[in-house]
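The chain contents come next:
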Number of protein chains: 2
Amino acid sequence: MMKEVGLGILGFGTVGAGVVEGLQRNGDLLAERTGLRLTIRKIADLDLDRDRGVEVDPSVLTKDAAAVVADPSVDIVVELIGGTNVARELMLQAFAAGKPVVTANKALLAEHGDDVYAAAEKNGADLLFEASVGGGIPIIRALREGLSGNRITQICGILNGTCNYILTRMEHEQLPFDQVLAEAQQAGYAEAEPALDIDGLDTAHKAVVLAAQAFGRSVRMDDVQVEGIRGIDALDIAYAAELGYRIKLLAVIKEEDGELEVRVSPVLVPRTHMLASVGGVFNAVQVTGDVVGETLYYGRGAGREPTASAVIGDIADAARNLAGRTPRRIPSFVTLKDAPAIRAADAMRTRYYLRLSLKDAPGMFGHVAQILGRHGISIASVVQKEVRSGEYVPVVMLTHQAHEGAFRAALDEIDVLEEVGAATVRFRIEDFE
Amino acid sequence: MMKEVGLGILGFGTVGAGVVEGLQRNGDLLAERTGLRLTIRKIADLDLDRDRGVEVDPSVLTKDAAAVVADPSVDIVVELIGGTNVARELMLQAFAAGKPVVTANKALLAEHGDDVYAAAEKNGADLLFEASVGGGIPIIRALREGLSGNRITQICGILNGTCNYILTRMEHEQLPFDQVLAEAQQAGYAEAEPALDIDGLDTAHKAVVLAAQAFGRSVRMDDVQVEGIRGIDALDIAYAAELGYRIKLLAVIKEEDGELEVRVSPVLVPRTHMLASVGGVFNAVQVTGDVVGETLYYGRGAGREPTASAVIGDIADAARNLAGRTPRRIPSFVTLKDAPAIRAADAMRTRYYLRLSLKDAPGMFGHVAQILGRHGISIASVVQKEVRSGEYVPVVMLTHQAHEGAFRAALDEIDVLEEVGAATVRFRIEDFE
């Protein structure tokens, strides 16, 4: 008789229904692979009437999530409620009962990671969260297992499918941001309230989870420099393309000189780089390790099925650990002794794409060049576009590397010059060299 | 006092030295991550004098590999000898002693996989082989763990860095095969005896390992249809590029109608597909699962450091299993009950790129079109090139899908036509739709 492992699923929304469907479809396959029968004992949701497109025995459904956590037939708690309050309480209850938790909740991990990692450790229970970053891409597992012999030096990720879909369509069809966002909302690729995605917060949540996992230190949301893609101009996407780049919303996490840089912003990526080929709703994460070199992981970043795939993989892992009596075979989080300090925003060094709006008259560039020079910023190339907007013309330049503080100070001076018609548009450049 | 796990390394060549260096560099980090101290107890090699660029205590070095396997202080055997005879014997000795084995030996797994998987199972010992496919890419782990909730439907991989390097340079620099191969040999990117790589055998070895792992059945080398890239014509690379494709040596493993198709050949890949962006010595594997959809894994495919990264990840895994007394937490190989049968070569269905050498006179295409039609092959597009080679002109056509058997029969007839000047060049096309 095959050993059964009982599951309690909290949250019967899109992902919850995907997990139930996946377990129904591939339950026999999982039993062959793991030697364990994964059985859904309880599903909690406030709405028990809605049709999710999957059939479940009505007796497993309940509105009482806490009772599911406490149910002695539930061995593994699968938290798919989302949000940071109720989900956190239920998770802590599960740990207090010594039960492992599988979650897709990046916001909770990013905002209360220290608490929940500590509670899992104290109670000797697994906390698995593959689904929290990169949907179906087994990136957390790659960091924890496959690359465990590496000191990670850099992670660059396209981690939000909505933003990548918008940027891809803007480039391919030369459409303005507002139109593409509106159409994405109609098609279900963007939320009615899109701020979490397009302002970069969702990507920042995922960056925090990855940074903590890879670099062995607690990272807070305040440690991340975040800019989103709201109102990005199709003009800049076109200019970037002419210069051989694509604009991607990128999370960049890297250790340099003993400091950890964590930032999220639209970035110019060389068109020949693998990350530039990641189109539409797909996600990808490039991980560089000191032994393995450069690796990259690609897949759908969100949605019912990819997320369900990650959740089910974690359930199988937690079940194996229960069966083998090896909970926390791999800790949820390991603090490393020589973990790097967080780098201050101004101390980051990057190249920049700048688009100035300059009066179309001889010598107008002189002041700008002077100010940049004074702040130690040297110019790699300048393209003056023959496009006129009133009395101003766009001047696009790519700089060499300089400190972010220097850019900030220089642009503060430039943008108040009499010959400058509008705030300078700027994007970081990542050359991956 | 941290628990020590003793390692016995068989083979102190390129990869062996990389493993030793990686363990020296990141031993403390691994100890923090795993709670275990991985200690090299013995290293066996026939050549004990050569300088490998790493320092080891001379007392660990020995010529007696069997003694290393038998040494009671050796808990994990790391097989890096290569080849299929001695390596197999030593591996079986290790299993007989109940010791786990970590290996990079794809040839052994492809040719004697059934034996060694069975011996590992019988003796309750781990057999881990992440390094055997895709170098530093944790693809085996992704299949065994992250994607365990999926029925795998298709795997397409660029698995040989030498071939990918040659094809990339041929395309970028429009150079002939022989010149690029010779330069690759000089630069150390290709072996002096390059057959294993360029004739597709190495890729086939890896395809066998992946196919068995993903589809749950024994796969033999005879089950794989193999063509390499030897003598590939720069002309076809250029024509493919004009048509929007790149030529890649691809392993394709897919389940369709209950049959498993396993083949290795140069394939036209759409230039917009991620696999087409994989340049130089890099490898990539696209895995499609019924829940997760399409995922892709990318990294350096061979060489000292990427391979060492994979070996060390496996050593950490085996050590965790020893410490937790959970050997074979995940079996090396699981036979699935409804595993698909191997599809016969003629029953495979693909599209083809055909380059005919036709007499440059009116009506010459008629016979060819007739023969193709009679074999149920319909033509998607034809491009007649204005290049002349004596009295013949190249005619390039892309077909719709048809059975391989039909192509073989049709080309047998076409190539003996009086108006055909040379054997028709053909490559499969993979559209990923």
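Residues numbered from 1 in each chain as written. Chains lettered and ligands numbered in written order. Predicted model: local features only at pLDDT ≥ 70, side-chain atom pairs only at ≥ 80, totals over all residues. Heavy atoms only, no water.

Colleague: What is the right way to read the packing of aromatic side chains from this model?
Modeller: In this description, a pair of aromatic rings is defined by centroid distance and the angle of the planes. On inspection of all chains with the given rule, the structure shows 13 aromatic pairs over all chains. Seen from their ring centres, Tyr297(A) and Tyr297(B) are 6.4 Å apart, and the 75° between their planes marks the pair as edge-to-face. Here Tyr297(A) is found in strand S12 (residues 293-300), whereas its partner Tyr297(B) is found in strand S12 (residues 293-300) on a different chain. Ring geometry for Phe282(B) and Tyr298(B): centres 4.8 Å apart, planes at 5°, overall stacked. Here the residue Phe282(B) occupies a position in strand S11 (residues 282-289), and Tyr298(B) occupies one in strand S12, the gap between them amounting to 16 residues. There is no split in this pair, since Phe282(B) and Tyr298(B) are both buried. Of the aromatic side chains, those joined through ring pairs into one cluster are Tyr117(A), Phe129(A) and Phe333(A). (Phe/Tyr/Trp six-rings, centres within 6.5 Å; stacked < 30°, edge-to-face > 60°. Helix = DSSP H or I, 4+ residues; strand = E, 2+ residues; numbered from the N terminus. Buried < 20%, exposed > 50% of the residue type's maximum accessible area, 1.4 Å probe, protein only.)

Colleague: Even after reading the chapter, I still don't get the interface of chain A and chain B, so can you show me in this structure?
Modeller: The parts lose accessible area when they come together, and the size of an interface is often stated as this lost area. With 53 residues of chain A at the interface, the matching set in chain B holds 53 residues. For the pair chain A and chain B, the summed buried surface comes to about 5000 Å²; carbon and sulfur atoms form 50% of the total. When the buried area of chain A at its contact with chain B is split by residue, Arg33(A), Met274(A) and Arg329(A) rank highest and sum to 15% of it. If you look at where chain A meets chain B, you find six salt bridges. Our enumeration of links across chain A and chain B arrives at 23 residue pairs in polar contact (both at pLDDT 80 or more). Of all the secondary structure elements, the ones that give two or more residues to the side of chain A that touches chain B are helix H1 (14-34), helix H5 (139-146), S12 and helix H11 (304-323) of chain A. The greatest single-element share of the side of chain A that touches chain B, amounting to 10 residues, is contributed by H11(A). (Contact = heavy atoms within 4.5 Å. Buried area = accessible area lost by both parts, 1.4 Å probe. Salt bridge = Lys/Arg side-chain N within 4 Å of Asp/Glu carboxyl O. Polar contact = N/O pair within 3.5 Å; in protein donor to acceptor, adjacent residues only side chain to side chain.)

Colleague: Any chance you could explain the domain arrangement of chain A here in plain terms?
Modeller: Once the domains are mapped, chain A shows domain 1 (3-135 + 304-323), domain 2 (139-300) and domain 3 (345-429). If you average the C-alpha positions of domain 1 of chain A and of domain 3 of chain A, the two centres end up 50 Å apart. (Domains from an automatic or database assignment.)

Colleague: Help me understand the relation of the copies chain A and chain B, please; the structure alone is not making it clear to me.
Modeller: Both copies of the chain are related through a single rotation about an axis accompanied by a shift along the same axis. Each copy superposes on the other: chain A lies on chain B with an RMSD of 0.0 Å after a rotation of 180° and an axial shift of 0.0 Å. Read as a symmetry element, the transformation amounts to a two-fold axis. Relative to the rotation axis, the closest C-alpha in chain A is found at Tyr297(A), a distance of 2.4 Å. A high fraction, 100%, of the interface residues of chain A reappear at the interface in chain B, so the copies pair face to face through one surface. (Least-squares fit on C-alpha atoms with pLDDT ≥ 70 in both.)

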